[in-house]
Amino acid sequence: MSIRRAFADLSVGQVHYAECGDAHAPAVLLLHQSPRSWAEYRAVLPLIGAHRRAIAMDTAGFGDSADGGVPASIEQWARVACELLDALNIGQADVVGHHTGGVVAVELAAAFPDRIRGLVLSSTPFTDEPFRRARAQRPPIDEVAPSEDGSHLAALWQKRQGFYPKGRPDLLEAFVRDALKVAHVEEGHRAVASYRMEDRIGRLAQPTLIVRATLDPFAAPHAAELQHHLPHARIADIDGGMVPLPDQMPEAFARTVLDFLATLP
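So, how was this worked out
- Residues numbered from 1 in each chain as written.
- Predicted model: local features only at pLDDT ≥ 70, side-chain atom pairs only at ≥ 80, totals over all residues.
- Heavy atoms only, no water.
- 1 Å grid on protein atoms, 1.4 Å probe; cavity = no way out; pocket = protein on both sides within 12 Å on 5 of 7 lines; lining within 4 Å.
- Points joined across faces, edges and corners; volume = space filled by probe spheres on them.
- Nonpolar A, V, L, I, M, F, W, Y, C, P; charged D, E, K, R; others polar.
- Helix = DSSP H or I, 4+ residues; strand = E, 2+ residues; numbered from the N terminus.
- Buried < 20%, exposed > 50% of the residue type's maximum accessible area, 1.4 Å probe, protein only.
- Polar contact = N/O pair within 3.5 Å; in protein donor to acceptor, adjacent residues only side chain to side chain.
- Pairing = 2+ DSSP bridges.
- Axes fitted to C-alpha atoms, helices over the stretch in contact; angles between N-to-C directions.
- Right-handed = clockwise from strand over helix to strand, strands pointing away.
- Contact = heavy atoms within 4.5 Å.
- Salt bridge = Lys/Arg side-chain N within 4 Å of Asp/Glu carboxyl O.
- Core = buried A, V, L, I, M, F, W, Y, C linked by side-chain atoms within 4.5 Å.
- Phe/Tyr/Trp six-rings, centres within 6.5 Å; stacked < 30°, edge-to-face > 60°.

*Asks:* So, empty space enclosed by the protein: which residues are in play, and what are the values?
*Replies:* Regions of empty space are outlined by a rolling probe, equal in size to a water molecule, passed over the atoms. Enumeration according to the criterion identifies two cavities of 30 Å³ or more in this entry. Its residues placed into classes, the lining of the largest cavity shows five nonpolar, two polar and two charged. If you add up the space inside the second largest cavity, you get close to 50 Å³. Looking at the second largest cavity, it is lined by 13 residues, and the ones nearest its centre are S123, T124, V211, A219 and A223. Elements with a minimum of two residues in the lining of the second largest cavity: β6 (116–122), β7 (208–213) and α8 (222–229).

Below, the structure is given as structure tokens:
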């Protein structure tokens with residue numbers, strides 16, 4: 001199944017997205033982690049697109065999407081995602097978010113509840129005050145000092161290497177390519193760290209699936225905490241899943257998403 005790519009003219013400028021599937025089928029919007037792009041879902045799109053209209057956007061300021069000169073925030077990224085739904089004449093969609101994308105999905109569902117039917121929160125942290133304090137005490141996640149000899153590119157690779165599966169340099173190459181497109185590689189992580197999810201998550205009434213990648217040390221511990229705040233949600237484990245879950249295990253990821261969506265009214 002072919003992937004169609006296009007731009008939409010939104011408030012921040014041109015926003016890039018890719019899609020698969022019948023334009024008249026129920027829509028699924030896929031939101032990526034930082035500092036990735038729609039390409040995180042390159043292998044997932046045709047699998048979901050065989051059953052739905054699957055759309056993977058570049059979050060504002062990432063990939064090929066403009067940021068409009070607006071300060072990065074989860075709230076801003078959610079507003080732009082809703083603008084994309086408007087531009088594509090999609091009245092209601094299911095939303096799938098991975099890592100940062102899951103945090104954006106929470107805000108999207110809280111701010112625009114009538115537009116979001118169901119939620120899949122994959123490897124999504126619960127960003128409350130303890131989370132913010134802990135993040136403030138840690139070194140940057142992806143930021144590396146620039147160098148004239150290009151050694152910062154190897155440093156960027158090495159920062160992520162331990163959280164990616166062995167024997168899959170293609171996944172790290174995809175990460176580095178996307179990271180190099182972002183003006184401030186740490187911006188997405190800072191936006192997550194400043195988001196007050198504890199003030200917003202109580203608004204979510206949509207059916208929700210929490211996807212836990214069992215070998216993701218950053219996100220797996222948050223699944224039970226998320227479920228505590230979303231008692232109507234259930235957890236689905238993907239054994240062996242790591243930080244790059246959607247492009248590491250696209251078949252298992254797509255199957256988990258589609259099985260959940262099939263249960264929605």
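Moving on from the model shown.
*Asks:* I'd like to hear about the side chain of D178, residue by residue, with values.
*Replies:* Relative to the elements of secondary structure, D178 occurs in helix α6 (residues 169–181). Judged by its relative accessible area of 8%, D178 is buried. At 2.7 Å, the side chain of D178 forms a polar contact with the side chain of R36.

*Asks:* An account of the sheet that holds strand β3 (residues 27–31) is requested, with residue identities and associated values reported.
*Replies:* Read across the open sheet, the eight strands follow the order β1-β2-β4-β3-β5-β6-β7-β8; overall the sheet is mixed. A single partner strand is all that each edge strand has here, and the edge strands are β1 (4–10) and β8 (234–238). Within the sheet, the average angular offset between the axes of one strand and its neighbour, ignoring direction, is 25°. Here β6 pairs with β7 via four bridges, running parallel. Directly across from V120, in β7, lies its bridge partner L209.

*Asks:* Outline the layout of surface pockets, supporting the account with residue identities and numerical values.
*Replies:* Counted as a void, the largest pocket has a volume near 410 Å³. Put simply, the parts of the chain that give the lining of the largest pocket at least two residues each are α4 (129–136), α5 (151–161) and α7 (187–194). When the residues that make up the lining of the largest pocket are grouped by side-chain class, the tally is 10 nonpolar, eight polar and five charged. In this model, the second largest pocket occupies a volume close to 290 Å³. Lining the second largest pocket are 17 residues, and of these R36, A39, R42, A174 and R177 sit closest to its centre. Of the residues forming the lining of the second largest pocket, the biggest block, six residues, is contributed by α6. Residue classes in the lining of the second largest pocket are distributed as five nonpolar, two polar and 10 charged.

*Asks:* Explain the pairing of β8 to me, and be specific about the residues and the numbers.
*Replies:* Remark: a regular strand shows side chains that alternate across the two faces of the sheet. Where β7 lies against β8, five bridges are found, and the strand directions are parallel. Bridge assignment links L209 to a residue of β8, and that residue is R234. In this fold, the crossover linking β7 to β8 by way of α8 has right-handed handedness.

*Asks:* An account of the packing of α4 against α7 is needed here, citing residue identities and associated values.
*Replies:* Between α4 and α7, the shortest axis-to-axis distance is 8 Å and the interhelical angle comes to 145°. Contacts between α4 and α7 involve F131, R132 and R135 from the former and H189, V192, A193 and S194 from the latter.

*Asks:* Hey, could you go over the pattern of salt bridges for me, with residue numbers and the actual values?
*Replies:* The tally for this structure, following the rule as stated, stands at 17 salt bridges. In this structure, D86 and R115 form a salt bridge, with 2.8 Å as the shortest nitrogen-oxygen distance. Here the residue D86 occupies a position in helix α2 (residues 74–87), and R115 occupies one in the loop between α3 (100–111) and β6, the gap between them amounting to 29 residues. Through salt bridges with shared partners, a single ionic network connects E129, R132, R196, E198 and D199.

*Asks:* Break down the nonpolar core for me, with residues and values.
*Replies:* Core analysis: the largest hydrophobic core is formed by 48 residues, its most contacted members being L29, M57, L84 and L108. Ranked by residues supplied to this core, first place goes to α2 with eight residues. Counting 28 residues, the second-largest nonpolar core is a separate cluster that includes Y41, I48, A56 and L258.

*Asks:* Can you explain the packing of aromatic side chains? Please cite residues and give values.
*Replies:* Counted according to the given criterion, the structure contains four aromatic pairs. Measuring from ring centre to ring centre gives 5.4 Å for F62 and W77, while their planes differ by 80°; the resulting arrangement is edge-to-face. One end of the pair, F62, is in the loop between β4 (53–57) and α2; the other, W77, is in helix α2, and 15 residues separate them in sequence. The buried category is assigned to F62, whose relative accessible area is 1%. With a relative accessible area of 4%, W77 lands in the buried category. Measuring from centroid to centroid gives 6.4 Å for Y164 and F175, while their planes differ by 55°, and the two rings are tilted. On the criterion of sequence distance, the pair formed by Y164 in the loop between α5 and α6 and F175 in helix α6 is long-range, its members being 11 residues apart.

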